[in-house]
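# Understanding the architecture of this molecule
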Amino acid sequence: MAEATSRIERYLADELGECRSEDLQKRLDELDELDALVDEEALSTDVGALAALGNETRYRLVRLLVEADSELCVCELTPLMDVSDSAVSHALAKLVDTDLVTKRKDGRWRKYRATPRASALLVVLDGTR
């Protein structure tokens, strides 16, 4: 922490022309307030969702489900993927765990649908191209 504080002190001296102890303390207080705004639980959930999308198989599955805008059976998704059936099932389980996809059992069939969160993430990605 002392090294980080020293760097902030040097930064403030460059920005302000000098760095008094009250300048440093004020900035440290502002940074503490900023840090307190970060919800650690939400951060963990968000990182999990983004990590899930960081895999090509999972990303493609989410993209397909968002584009379908309806439920798809795993038997409909598997032929669209260039991986094994078990890899598709594993990827879907991870997407369900991260709340990007919902799963519903319909008799012996499992049906999947993209969540609003998954749709929103893809809208953001599409809008930045």
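The structure we're discussing is the one just above.
Attention here is on the structure that accompanies the text. Keep in mind it's a predicted model, so treat the numbers as computed, not measured.

Right, let's get into the pattern of salt bridges. Evaluated as defined, the whole model comprises 9 salt bridges. One salt bridge connects Arg-117 with Asp-46, and the closest N-O pair in it is separated by 2.2 Å. Separated by 71 residues along the polypeptide, Arg-117 in helix α7 (residues 116–127) and Asp-46 in helix α3 (residues 40–53) bring together distant segments of the chain. Note on Asp-46: relative accessible area 33%, which makes it partly exposed. One salt bridge in this structure joins Glu-67 and Arg-63, with 3.5 Å as the shortest N-O distance. Residue Glu-67 and its partner Arg-63 are both found in helix α4 (residues 56–68); the two are separated by 4 residues, about one turn of the helix. With relative accessibility at 18%, the residue Arg-63 sits in the buried group. Sharing partners across several salt bridges, the network here consists of Arg-63, Glu-67, Asp-126 and Arg-129.

Right, let's talk about α3 for a bit. One full turn of an α-helix is made of 3.6 residues, so residues set three or four places apart face in the same direction. An ideal rise of 1.5 Å per residue puts 20 Å on 14 residues; α3 measures up with 20 Å between its terminal C-alpha atoms. Packing partners of the buried residues in α3 comprise α4, α6 (85–97) and α7.

Rules used throughout
Residues numbered from 1 in each chain as written. Predicted model: local features only at pLDDT ≥ 70, side-chain atom pairs only at ≥ 80, totals over all residues. Heavy atoms only, no water. Salt bridge = Lys/Arg side-chain N within 4 Å of Asp/Glu carboxyl O. Helix = DSSP H or I, 4+ residues; strand = E, 2+ residues; numbered from the N terminus. Buried < 20%, exposed > 50% of the residue type's maximum accessible area, 1.4 Å probe, protein only. Expected span 1.5 Å × (residues − 1). Contact = heavy atoms within 4.5 Å.

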